[in-house]
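Residue-level structural notes
Here is how the chains run, residue by residue.
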Amino acid sequence: MFLISFKVILRKNDRLITVHRKKMIKDQKIEHSKALLQKPKAEIVRVLLIEDSPGYSEVIRIMLDKVRDTRFDVLGATQLSEGLQHLAEDGVDIILLDLKLPDSQGIATFDTVYAQAHSVPIIVLTVTDNDEIALEAVQKGAQDYLVKEQVDTKSLVHAIRYAIERKRVEETFRETNLFLQNILESSYAISILYTDCEGNILYWNKGAENIFGYKAEEIIGHHKADILYPQDEEETKKKIEEVKSFIFKNKQGTDCEVREVTKDGRKCWINLNLTPRFDEHGQVIGILGIGQDVTERKRMEEMLLNAAQEWRTTFDAISDVVCLIDSERKIIRCNKSMTNLLGRPFADIIGQSCCELMHGAREPIEGCPYERMRETRSSEAIVLQRGDQWFNISVDPLLDEAGNPMGGVHIMSDITKEKEIDKMKNELISNVSHELRTPLSTVKEGIALVCDGSLGSLHPDQKDMLARVKNNIDRLGRLINDLLDMSKIEAGRIELKKTSVTISMLVEEVLASFQNQTKHKKIELVSLIQKDIHPLYIDRDRISQVLTNLIANSVRFTPARGRITVGIKENENEVEISVADTGIGISSQNIAGLFDRFSQFNRVYGPGERGTGLGLTISQEIIDMHGGRIWAESEVGKGSTFTFSLPRMTQDEIFREYLTTGLREAQAKDCPLSLVVIRIKNIERLIKAYTDAQIFAILREIEGLISRILRRKTDIVSRYKYGELIIAILMDTAKKDALSVQERIRQELEAEMQKKEWPKDIEPFLDIVTFPDDAADERELVNKIAKGMWTEDNRKRAEGGEDG
Amino acid sequence: MDKTRILIIDDEPDFVRVVQLRLEAAGYEVLVAFDGMQGVSSAHKEKPDLIILDIMMPAMHGHRVCEALKKSTKTWTIPIIYLTAKGSKEDEELAYKLGAEYFLTKPYDPQVLLDTIKKALEPSAQLEKYEKAEKTDL
């Protein structure tokens, strides 16, 4: 059946294009036709009968009159011209056309009528021997033909009804096709073109005109390749060939992106969807191409791609190891330096846990900057050694658009070289300083021997000259010491040896060492520090060094008859020790850089020794290490005050600090640690009988005595329980050795009690607690010290108590 | 009564000379050795009352000298005072561990040196050492 077909015939450019119709439309049409045939409605059908034989016309009229359910209004015309006139003036539903008329014969008659009444169905009337012409008419657009001799009412009505319905369906199709064609034509931004199998262009829509600049009439019939991708577009040609062979092979459409050339020579990227068209045997007969200009998109893509590539290249070019880590510590991105460092490909690194990959640990390492960053939400850094290499690892928070943390950026810089240079520098300074010391001490001692007359008497001028030489040698010695200190500080090699120090005594000692110098200049040295200030837990030598530095500066810049005062201020958590002078002072602009290295702050030198320029820097470092601060206040012409603070600790805190440090060392070295605890058994009664000051003084004297008895440098005497207990901490001492120390203390103490005028009823009691024999850790040690369980007496008493 | 005898073990002849003069001026008799080996044999032969020892020396390092002297039953009672330019904490700790009595650094203060010598020669210091020795011998 040619009528109900899957394909709709389009007439365009005199060529046939087959377009698939939706099956649904087809089904609808069938239903509609069936309804018309089965239930004819009472209607008027206007028939134009163009027939030169009046008799036959009458036969037709009679036949049609017989039909009951339909009224046929028949308009008659005996000549073609008359028929055409009716067509022009009156609307008709169907034309019954005899091809042999007085004014026109044969197929020409049909052509003329069809040309004028394109939309009216035509049934050709013919005689038996004229089938061929009738068939030709049907091919050209007639709906049907009837052989005059065979016509009866039934076949006539049937033919008329079919013809009308067929025509209506055809018209609907035509309109639909027109609509589709309009869409094809009018899609401005989408090029639609159709080529035969060779690539010759058969259809070219407005969109294609718009994109490529060629009019349909210019391009139709040309080969696509000649126009759209000329010689130099080899790549496009190749791609199109590939796509085409795919289509022919698989008999299905596909997509591709190709570069094509417009009429004005612009190269544009087209996203092309190619669909094959088949003939009834399933052979591909042409290809429909729907294209879109994606040049702009492509350009953006390329830009993005370039940017990404550029970023990648830059990222990889960074010699530091950079990686991004997500909130689960997994590496989400890293650069080439990291793959080089680990000697593993990207694929092995991405997604791995940082802890495992970098440290071979399940949990974050101690001091992990990433973990710290998560707490502080700001940059953190750490210096780590990995094999022979040193790295500075910094982590910055990685935030999402809303500013929420989503991970971190790790940057790992190789600082091995810096470390090496630093080490070399420090070693150089250290070695040079050491090498200088021996000759220096020879010179110094040689001069001193001559100077003090040990090698015979000197002329006053000689003596004066040698004294000057000696001063300068001393200065050289100080400079070397300062340089050494500085290099040690920079190398982080200074470790504080903190002990409990009575600060007033320390200050007195330092001041005493300046007696000779200040006596000469008539400078008054005053310490305002009371004797009963709580001991400080500090490195005695280092704080002495700071005090010496500050006082030496004051002496240097204080004119004769001046005054230097060392004072103290006790705050809640710290003490402030100040060295104030009545010297020349420092201008405010010099105060800022006072603690910088080698800043000699342009102070005018008085007579006497010069500084090294390192003293204040070293002092600052030492105070820093103690957790204190140092600062200067000054008024030009009036004097300067240098103050440093040191954290305050109670006696008990100091004792615990000693104990912790000692135990840590004992555990590390796997050696015993013994404590000799000295308590006054009847202290409660003594407290009632004597003043606090008296008891305090006695306890202090006992402490001093024990300090003198213990000769090893590592032995420490401390106080605990608000000073009631005096405890000797003996490193690397087993219980039996501690017993002999205890015995010696007992003897010395008894002798001392005889000598001193202490209350006669004082009952000192000695006790020993040893790690690890008596206690496995610090807590146990402290408990046993407090309870005093480890004397024979106490043990017996405790056991007796249990029995009772 | 004989003079107290002090042995100086140091490879710097000039330095040894000035220390010698200083000690002689203070009334001591001075013996000298210019390297470690010589020092150890001299200590054994002469039995000085005190030894002043340098660290960096040819033939035998100061710490090894100290170790040898403190391990020998003939010399272990002789107090040793280190007098060295190599004044690092590690050296000081090692010196005490090896049994040295005092540790001084160059350049030295003559008064401090003389005081230290005096302290090292005090009978109570010696007594403690005997006690210590008894304990270790047990």
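Residues numbered from 1 in each chain as written. Chains lettered and ligands numbered in written order. Predicted model: local features only at pLDDT ≥ 70, side-chain atom pairs only at ≥ 80, totals over all residues.

A few points about the sheet that holds strand 10 (residues 254–261) of chain A
Residue and element names in this part refer to chain A.
- Strand order across the open sheet formed by five strands is 9-8-12-11-10, with antiparallel pairing between neighbours. The sheet terminates laterally at strand 9 (201–204) and strand 10, the two strands that pair on one side only. This sheet shows a mean twist of 30 degrees between the axes of neighbouring strands, independent of strand direction.
- By the bridge criterion, seven bridges tie strand 8 (residues 190–196) to strand 12 (residues 284–293) in an arrangement that is antiparallel. Paired with Thr195 across the strands is Ile287, a residue of strand 12.
- Across the sheet, helix 10 (residues 234–250) is in contact with strand 10, strand 11 (267–278) and strand 12; its angle to strand 10 comes to roughly 155 degrees. (Pairing = 2+ DSSP bridges. Helix = DSSP H or I, 4+ residues; strand = E, 2+ residues; numbered from the N terminus. Axes fitted to C-alpha atoms, helices over the stretch in contact; angles between N-to-C directions. Contact = placed C-beta atoms within 7 Å.)

What to know about the pairing of strand 10 of chain A
Residues and elements named next belong to chain A.
- Of the pairings in the sheet, the one linking strand 10 to strand 11 comprises eight bridges and is antiparallel in character. Residue pairing for strand 11: Glu260 is matched across the bridge by Cys268.
- Between the end of strand 10 and the start of strand 11, which pair antiparallel, lie five residues, with Gly265 showing a positive phi angle near 85 degrees.

Digging into the packing of helix 25 (residues 692–709) of chain A against helix 26 (residues 735–755) of chain A
Residues and elements named next belong to chain A.
- Running from N to C, helix 25 and helix 26 point in directions that differ by 130 degrees, and their axes come no closer than 10 Å. Considered as vectors, helix 25 and helix 26 are oriented oblique to each other. Between helix 25 and helix 26 the crossing geometry is right-handed. Contacts between helix 25 and helix 26 involve Ile702, Leu705, Ile706 and Ile709 on the former and, on the latter, Arg744, Ile745, Glu748, Leu749 and Glu752.
- Within the contact of helix 25 with helix 26, the residues separate by chemical class into six nonpolar, no polar and three charged. (Parallel < 35°, antiparallel > 145°, perpendicular 65-115°, else oblique. Left-handed = near helix turned anticlockwise from the far one by under 90°. Nonpolar A, V, L, I, M, F, W, Y, C, P; charged D, E, K, R; others polar.)

A word on the interface of chain B and chain A
- Taken together, the contact between chain B and chain A spans 19 residues of the former and 19 residues of the latter.
- Of all the secondary structure elements, the ones that give two or more residues to the side of chain B that touches chain A are helix 1 (13–25), helix 4 (89–97) and helix 6 (123–137) of chain B.
- Of the residues forming the side of chain B that touches chain A, the biggest block, seven residues, is contributed by helix 1 of chain B.
- When grouped by side-chain class, the residues that make up the side of chain B that touches chain A number 10 nonpolar, no polar and nine charged.

Things to note about the confidence of the model for chain A
Residues and elements named next belong to chain A.
- Residue-level pLDDT values for chain A average 81, and 90% of them are 70 or greater.
- Put simply, strand 2 (residues 15–20) is where chain A has its lowest mean pLDDT, 36, and strand 24 (residues 639–647) is where it has its highest, 93.
- Within the model, the stretch residues 35–40 combines pLDDT values under 50 with five contacts to residues more than four positions away or in other chains.
- This model gives residues 797–804 a pLDDT under 50, and the stretch forms one contact once residues within four places in sequence are excluded. (pLDDT = per-residue confidence, 0-100.)

Section: the sheet that holds strand 14 (residues 331–334) of chain A
Residues and elements named next belong to chain A.
- Read across the sheet, five strands follow the order 14-13-17-16-15 without closing on themselves; strand pairing throughout is antiparallel. Whereas interior strands pair on both sides, the edge strands pair on one side only; in this sheet they are strand 14 and strand 15 (380–386). Across the sheet, the mean angle from the axis of one strand to that of its neighbour is 25 degrees, orientation sign disregarded.
- Where strand 15 lies against strand 16 (residues 389–399), seven bridges are found, and the strand directions are antiparallel. Residue pairing in the sheet places Arg386 in a bridge with Gln389 of strand 16.

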